Amino acid sequence: MVTTHSLGFPRIGAQRELKKALEAYWAGDIQATELEQLGHDLRQRHWQIQQQAGIDLIPVGDFAWYDQILEWTTTLGVVPARFGQSASLPVSLDTLFRMARGRAPSGTPAAACEMTKWFDTNYHYIVPEITPEQQFRLARESLFEQVKEAQAQGLSVKPVIPGPLTWLWLSKGDAYTEGAGDVRKLALLERLLPVYAQVLERLKALGVEWVQIDEPVLVLDMPDAWLSALKQSSQVLADSGLHILLATYFGSVQEHAVLLGQLPIHGVHIDGVRAPQQLAPVADALRADQILSVGLIDGRNVWRTDLDAAHERLQSLHKQLGERLWLAPSCSLLHVPVDLSFETELDAELRGWLSFATQKLDELRWLALWLGGKDDEQTRQFLAQQRAAVQGRRVSARIHREEVRQRLLEAESISLDRPPFTQRIASQQAKLKLPAYPTTTIGSFPQTSDIRKARRDWRQGSLPDAAYEKAMRAEIEQVVRFQEDIGLDVLVHGEAERNDMVEYFGELLAGYAFTQNGWVQSYGSRCVKPPLIFGDVLRPVAMTVGWSAYAQSLTAKPVKGMLTGPVTMLQWSFVRDDQPRETTCRQLALALRDEVNDLEAAGISVIQIDEPAIREGLPLRRADWKAYLDWAVDCFRLSTSGVRDDTQIHTHMCYSEFNDIMEAIAAMDADVITIETSRSNMELLSAFEDFHYPNDIGPGVYDIHSPNVPDVEWMVGLMRKAAQRLPAERLWVNPDCGLKTRAWPETQAALKAMVEAAASLRQAT
Ligand SMILES: CN1c2c(nc(N)[nH]c2=O)NC[C@@H]1CNc1ccc(C(=O)N[C@@H](CCC(=O)N[C@@H](CCC(=O)N[C@@H](CCC(=O)O)C(=O)O)C(=O)O)C(=O)O)cc1
Ligand SMILES: N[C@@H](CCS)C(=O)O
Ligand SMILES: [Zn+2]
């Protein structure tokens, strides 16, 4: 027999039940008890799905009201002083929500904690804030309550906890100026580890046997001091007497194989999809009393697993390890949709190529049974079906397009260079005549329920095309008039017609498919439905020209055309795994290049190509950065290099630390970059300053994730800070990101205040 387990299951619900309940609670429409009940029901349902799939050890602790790191941060009692948390009381759900969003139904609003990307995924976690004096205490009981809940359902539970090194690595504090790996953070371990010990003791008392300690930081470039700390923390964890499974994912831990075999832990999980080369060396290095859990079912993508290939890879390991070999998905299933059975509109062929969280657990079970020697009719039937689907995809005529291949070849001779920035900005300024500190927004305006309802009715066929178009045009007109009224300089059309900045384009491009219900949590209650790139990408029709040209026809001010860049399209889609990501990205870049050129021809003189995911796509190991950045930058330039000098190219980035990729950002050579900086108090600008970034920059002056309206003086102060770091004549004034998640009242107030801030800055110069 081969033991199976899962590292985590999506918590949002197949129909986004958690999202809906959270938003209803925040809006005051339901009480906390109703929300708690929904959470309870969802957990039960998800455990049941896993149990029915035959998974041996069911994860508990992967549920989170907002984010799993925030759950753990509050469990450790780490609450920044501004939230007024008493050192002796438990941390309440509303305090957790205030940390995440700045406000909750009860408690005083305060600045939300920073949010950033979870490794190289499109999931965002809430950054723990720590100080050198940080105290830790067990401040929430939810993990233990959930273990009891699961046990009451008769399940074999395996609690899942962020490891001490990962939690510390991801945390931030003013004192830790050296970034994530700042070794001074390790001094906190002495106070942190006793709380881990306390948690494990409580779990042991509940009869738990195995605990999964997530240490994905081990796949990063880990300094030695942190590896020594791993020895220290493993000892404390093992002293609990529980079986510790150290879980790693998203990369390789091969270089730590010997160390892993020396630690007093009882097992290691490794990602066999991202880093199959590590299987043998890690297996060889483990002791005879350690298990090896291998993830060969991809937790980051939606294609059906080639079980023949997986089985072949595992056979020798199984011979070597016997029952010490466990199987699991490669990482938590948080990053894939819940259940393919809701996809009733996908054509049968395409649907047959896919596997969502629920189906992945089935794959896991059959793989384990097959490996364990089961050879009955049912197993054979499942494997035959699986084989046919995988093979069918491989040979399908829908994947390759000769015209795309040809175009890629021709694209090799396209120049990626534009004339120098100084020359371009002069011609742009002559045309646009913008004031100092020009104001703009990042693109989207509030996606009201009226807009979403209109789109739903249109999709369901109850709203005709013409009526939908009319409704969207009315929305665009309102957005344009509002921006003119308050005196913004470069306007946008507001992106009302977009369900999402990636999915919208995916729906219009050939080679893409999209789901009805393939929701994946992005942060908190916010979800995305990543489209699927299954074949060569081609742009059959213009995607945005009609909307942008209409907006421009309403005003004499410049309206920015708004596109999602090739790297972000790639990063936020489920991508084909039968060709290099780079090739798919070049196909996307060519489609976008056509759109950029068409926008220019339609009279749009400012075009923004958003690349918020360029940093997220950075490989986790430094050694792999250059190759990625080279093609990522090339793709951006391929999209943009076809325009005239006086057409101004903007780009936008958010949720990222930029220090690491300044050279690449500069090489993208956008005329203007707007970036998220306000939550970090302009800290992120230091990278641009140190690099002497030459082109225009709009550092975001207010956080769009919070409904709190920013103060004029505060924004002026932020811009003054920016002007100390960068030449004032290069600066723009804009929010951190798009406004789609905001409501109109706060949007109006915030943008008016922002325009006022710009006016005050201009007066002072
Ligand atoms: C900028 N960000 C994005 C990321 N990834 C993306 N793929 N897209 C992004 O924009 N990653 C980084 C950040 C993360 N930020 C966000 C911000 C906001 C959202 C978000 O608001 N998501 C929406 C879903 C968006 C969507 O697809 N909307 C559809 C369907 C809407 C819907 O639920 N319709 C209802 C009817 C509604 C009604 O009647 O009121 C229905 O069909 O039942 C649409 O607009 O058509 C969310 O709600 O979570 C995500 C990431
Ligand atoms: N243009 C997009 C960028 C989000 S990162 C928006 O405004 O929503
Ligand atoms: Zn953004």
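Residues numbered from 1 in each chain as written. Chains lettered and ligands numbered in written order. Predicted model: local features only at pLDDT ≥ 70, side-chain atom pairs only at ≥ 80, totals over all residues. Heavy atoms only, no water.

To continue, consider the UniProt feature "binding site: 5-methyltetrahydropteroyltri-L-glutamate" (unreviewed entry) in the protein chain. This chain's UniProt record puts "binding site: 5-methyltetrahydropteroyltri-L-glutamate" (unreviewed entry) on Arg16, Glu17, Leu18, Lys19, Lys117, Arg526, Cys527, Trp572 and Glu616. Maximum C-alpha separation among the annotated residues is 27.6 Å over a sequence range of 601 residues, too wide for a single clustered spot. Looking at the element boundaries, Arg16 is found in the loop between β1 (3–4) and α1 (17–26). Setting aside residues no more than four positions away along its own chain, Arg16 makes contact with Trp519 and Cys527. With respect to the helices and strands, Cys527 occurs in strand β13 (residues 526–528). (UniProt positions renumbered as here; feature names shortened; annotations may be inferred. Helix = DSSP H or I, 4+ residues; strand = E, 2+ residues; numbered from the N terminus. Contact = heavy atoms within 4.5 Å.)

Turning to the UniProt feature "active site" (unreviewed entry) in the protein chain, a few remarks are in order. Look at the UniProt record and you will see "active site" (unreviewed entry) annotated at His705. Here His705 shows up in the loop between β19 (696–699) and α26 (712–725). With a relative accessible area of 11%, His705 lands in the buried category. (Buried < 20%, exposed > 50% of the residue type's maximum accessible area, 1.4 Å probe, protein only.)

On to the sheet that holds strand β16 (residues 606–610). The strands making up a sheet associate through backbone hydrogen bonding, with each pair oriented either parallel or antiparallel. An order of β15-β16-β17-β18-β19 is seen for the five strands of this open sheet, with the pairing classed as parallel. Each edge of the sheet is formed by a strand with only one pairing partner; in this case those strands are β15 (560–564) and β19. The sheet shows a mean angle of 20 degrees between the axes of neighbouring strands, direction not considered. Pairing of strand β18 (residues 672–675) with β19 involves four bridges; the strand directions are parallel. (Pairing = 2+ DSSP bridges. Axes fitted to C-alpha atoms, helices over the stretch in contact; angles between N-to-C directions.)

At this site the zinc ion (ligand 3) is bound by His652 (NE2), Cys654 (SG) and Cys737 (SG), with donor distances of 2.1 to 2.3 Å. Taken together, the four donor atoms surrounding the zinc ion (ligand 3) define angles of 102 to 121 degrees at the centre, an arrangement classified as tetrahedral. Sequence spacing of the donor residues for the zinc ion (ligand 3), all on one chain, is H-x1-C-x82-C. Of this pair, Cys654 sits in the loop between β17 (648–653) and α24 (662–668) while Cys737 is found in the loop between α26 and α27 (744–764), placing the two residues 83 residues apart along the sequence. Of the two residues, Cys654 and Cys737, both sit in the buried class. (Donors = N, O, S within 2.8 Å, 3.2 Å for Na, K, Ca; no water. Tetrahedral: all angles 85-135°; square planar, octahedral: opposite > 155°, others 65-115°.)

As a matter of local geometry, ligand 2 sits amid Ile442, Gly443, Ser444, Glu495, Met501, Asp610, Pro612, His652, Cys654, Cys737, Gly738 and Lys740. Contacts to ligand 2 include Ser444, whose side-chain N or O atom sits 2.7 Å from an oxygen atom. Between ligand 2 and Glu495, the relevant distance is 2.8 Å, taken from a nitrogen atom to a side-chain nitrogen or oxygen of the residue. When isolated, ligand 2 has an accessible area of 270 Å², and the protein chains bury 98% of it. When its residues are assigned to classes, the shell around ligand 2 shows five nonpolar, four polar and three charged. (Near = heavy atom within 4 Å. Polar contact = N/O pair within 3.5 Å; in protein donor to acceptor, adjacent residues only side chain to side chain. Areas by Shrake-Rupley, 256 points an atom, 1.4 Å probe, with all protein chains shown as cover. Nonpolar A, V, L, I, M, F, W, Y, C, P; charged D, E, K, R; others polar.)

Moving on: the site of ligand 1. Near ligand 1 you find 26 residues, and of these Arg16, Lys19, Arg455, Asp500 and Lys740 are the closest. At 3.3 Å from an oxygen atom of ligand 1 is found a side-chain nitrogen or oxygen belonging to Arg452. Here Arg526 contributes a side-chain N or O atom positioned 2.9 Å from an oxygen atom of ligand 1. Alone, ligand 1 offers 1000 Å² of accessible surface; in the complex the protein occludes 86% of this. Those elements that place two or more of their residues in the shell around ligand 1 are α17 (449–460), β12 (520–523) and β13. The element contributing the most residues to the shell around ligand 1 is α17, with five residues. Looking at the shell around ligand 1, its residues break down into seven nonpolar, eight polar and eleven charged. Split by domain, the shell around ligand 1 shows at least three residues from each of two domains, domain 1 (3–395) and domain 2 (422–696 + 728–742). (Domains from an automatic or database assignment.)

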